[in-house]
Amino acid sequence: MHRIKLRDGTVKNIQLLAEIMTNDAGEVIELVGTCQDVTEQRLEEIKFRGLLESAPDAMVIVNEAGKINMINKQAEKLFGYSAKELKGKSVEILIPEAYSAKHPGHRAGFFANPKTRHMGEGRELFAINKKGKLIPIQISLSPLKTKEGVLVSAAIRDITSQKIAEGKILKAKEELEVFAKKLVAQNTKLADFTQITSHNLRAPVSNLNSLLGFYKLAQSEEEREDLFQKFESVIDHLTLTLNTLVEALNIRKNNNEDRLEEIEFNSVMVKTQEILAGEIMGTGAVIKSDFSKLPYIAYNKIYLESIFLNLVGNALKYRSADRVPEIYVSSGIENGKKFLKVTDNGQGINLKRHGHKLFGLNKVFHRHPDARGIGLFMTKTQIEAHGGSISAESEVNVGTTFNINFN
């Protein structure tokens, strides 16, 4: 490849091909050759190389024979080879020995029906770098039609951090579930705390499962990082709840005094939303609150957190299928009495039909698979234990308001 400059200053790329003619004595007697203008071809190559290098993933271009035609800088960084080292080499050099034997068959199948698709869907894929280290990867394949024939472009993403994150999440989930089961089993004699444990731990564990589903469907690292932060938040809150329950159980074993402390309503609201993050994301729920008229209250922390989790969780669970869930939580003082209100726009309850058993044990009013008839009974019991009361106003297909009188 040579560059020439024309009279008008235009620069051209040319390719020279020549054949030397010699006589019997080996002397050059003639030179026959061609000069081909390859400027456009060269510009296309430069453009393609620019696109290749700007790709966020490692890119490997392979021909039908399985030979590597080209790679970008990201691929050099991922695999530890230079472009010169890999050019012309079999692509199987990047595939672990356990998988390389079957790869030529898979490659032939792709070239027989070339189309853009993900490689190995539903299976774990690995590559191997120059040092022999296995790398978990995701691969997207795309056919490229060129003058030399069909090439395949493989976009390769290193998902090591994703796998580590998934492992931590699954391990944390398993540990929490085991711990929750042990905690319930060890304290069956303490009926009220057993109910709190089994009921209140179900929501965050369920949300871990919901977030895990969103995590597996995430399309970008940004989404995965955001979801992983939500995982950490739910796990932190769940761990804190478990530790608090254990501490409370030990206290109740030693004495019967209820510990009251000054609690900020907003902090309990924030914690509730973080624990229910999976359901809030899945439903698109809009949750608003106003605690300006009564920011704090002296209360049993476990009970108050349980009350918030039950009432907000129920509002999400029994949402209307016809509209986005909207939940409003507020506190205040009226006629010298401290109150909390939780209002939703959900399915509502027919109070004429079910009002007399609304807060009864094992009473359910909706055909929901997770309905147990425990949440409202437990909430009423917790409120009454501190001398308060709870009532409800509701209209079918409009919504429900729960009124809590703390006095």
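Computed from a prediction, not measured in an experiment: that's the story for all the values here. (Residues numbered from 1 in each chain as written. Predicted model: local features only at pLDDT ≥ 70, side-chain atom pairs only at ≥ 80, totals over all residues. Heavy atoms only, no water.)

1. Description of the packing of aromatic side chains
Note the cut-off: Here a Phe, Tyr or Trp ring, Trp counted by its six-membered ring, pairs with any other such ring whose centre lies within 6.5 Å, and the pair is stacked when the planes are under 30 degrees apart, edge-to-face when over 60, and tilted otherwise. Secondary structure elements follow DSSP: runs of H or I no shorter than four residues count as helices, runs of E no shorter than two count as strands, and numbering proceeds from the N terminus. Each residue's exposure class comes from its accessible area (1.4 Å probe, protein chains only) as a fraction of the maximum for that residue type: buried when under 20%, exposed when over 50%, partly exposed otherwise. In this scheme, Lys NZ or Arg CZ marks a charge over a ring once it lies within 6 Å of the ring centre and within 35 degrees of the ring normal.
Overall, the coordinates contain five aromatic pairs when judged by the stated rule. With 6.1 Å between their ring centres and 40° between their planes, phenylalanine 265 and phenylalanine 406 make a pair best called tilted. Pair noted here: phenylalanine 265 is in helix H9 (residues 265-275) and phenylalanine 406 is in the segment after strand S16 (399-405), with a separation of 141 residues, a long-range link. Like phenylalanine 265, the residue phenylalanine 406 is buried in the burial classification. A connected cluster of aromatic rings, assembled from ring pairs, spans Phe265, Phe291, Tyr299, Phe308 and Phe406. Between lysine 341 and the ring centre of phenylalanine 339, over which it is positioned, the NZ or CZ distance is 5.7 Å.

2. So, helix H11 (residues 301-317)
Applied cut-off: An expected span of 1.5 Å times one less than the residue number is assigned to each helix. In protein, a polar contact requires one atom able to donate a hydrogen and another able to accept it; more generally it is a pair of N or O atoms within 3.5 Å, and residues adjacent in sequence count only if both atoms are side-chain atoms.
For H11, which comprises 17 residues, the first-to-last C-alpha distance of 24 Å matches the rise-based estimate of 24 Å (1.5 Å per residue) to within 8%. Taking the backbone nitrogen of isoleucine 302 as reference, a side-chain oxygen 3.0 Å away marks asparagine 300 as the first, capping residue of H11.

3. Digging into the sheet that holds strand S1 (residues 2-5)
The following threshold applies: We call two strands paired when DSSP finds no fewer than two bridges between them. Working convention: axes come from line fits to C-alpha atoms, limited for helices to the stretch in contact. Angles between N-to-C directions cover 0 to 180 degrees.
Ordered by their spatial adjacency, three strands build an open sheet running S1-S2-S3, and the pairing between neighbours is antiparallel. Looking at which strands have only one partner, the edges of the open sheet turn out to be S1 and strand S3 (28-37). Strand-to-strand, the axes of this sheet are offset by a mean angle of 45°, without reference to chain direction. As paired strands, strand S2 (residues 11-22) and S3 are joined by nine bridges and run antiparallel to one another. Along S3, the bridge assignment pairs leucine 17 with threonine 34.

4. Structural notes on the confidence of the model for the protein chain
We count it as follows: What pLDDT expresses is the predictor's confidence in each residue, scored from 0 to 100. Should any heavy atoms of two residues lie within 4.5 Å, those residues are counted as being in contact.
The pLDDT averaged across the protein chain works out to 79; a share of 77% of its residues lies at or above 70. Low pLDDT, under 50, characterises residues 368-373; the stretch is placed with 14 contacts to residues that sit more than four places away or in other chains.

5. Section: the sheet that holds strand S14 (residues 337-344)
Reading across the sheet, the five strands line up as S11-S13-S14-S16-S15 and stay open at both edges, with mixed pairing between neighbours. At either end of the open sheet lies a strand with only one pairing partner, and these are strand S11 (286-290) and strand S15 (389-395). The sheet shows a mean angle of 15° between the axes of neighbouring strands, direction not considered. Of the strands in this sheet, S11, strand S13 (326-334) and S14 are in contact with H9, which crosses S11 at around 170°. H11 rests against S11, S13, S14 and S16 of the sheet, and its axis sits at about 140° to S13.

6. Re the environment of lysine 352
As for its position among the elements, lysine 352 is in helix H12 (residues 351-354). For the pair formed by lysine 352 and serine 394, sequence separation is 42 residues and the distance between their alpha carbons is 10.0 Å.

7. Observations regarding H9
Let me state the cut-off plainly: Working note: the arc is built from the helix axis to C-beta atom directions.
When H9 is considered as a whole, its buried residues turn out to be Phe265, Val268, Met269, Lys271, Thr272 and Ile275. Down the axis of H9, the sector holding all buried residues measures 165°, keeping them to one side.

8. Description of the packing of H9 against H11
Worth spelling out the cut-off: Relative orientations are named as follows: roughly parallel for angles under 35 degrees, roughly antiparallel for angles over 145 degrees, roughly perpendicular for angles from 65 to 115 degrees, and oblique for any other angle. For any helix crossing, the convention is left-handed if the near helix is rotated counterclockwise from the far helix by under a right angle, and right-handed if that rotation is clockwise. Just so you know the grouping, Ala, Val, Leu, Ile, Met, Phe, Trp, Tyr, Cys and Pro go in nonpolar, Asp, Glu, Lys and Arg go in charged, and all remaining residues, Gly too, go in polar.
Where H9 contacts H11, the two axes come as close as 10 Å, and the packing angle between them is 50°. With respect to their mutual orientation, H9 and H11 come out oblique. For the pair H9 and H11, the sense of crossing is right-handed. In this structure, H9 contributes Phe265, Val268, Met269, Lys271, Thr272 and Ile275 to the contact, and H11 contributes Leu304, Glu305, Phe308, Leu309 and Val312. Across the contact of H9 with H11, the residue classes break down as eight nonpolar, one polar and two charged.

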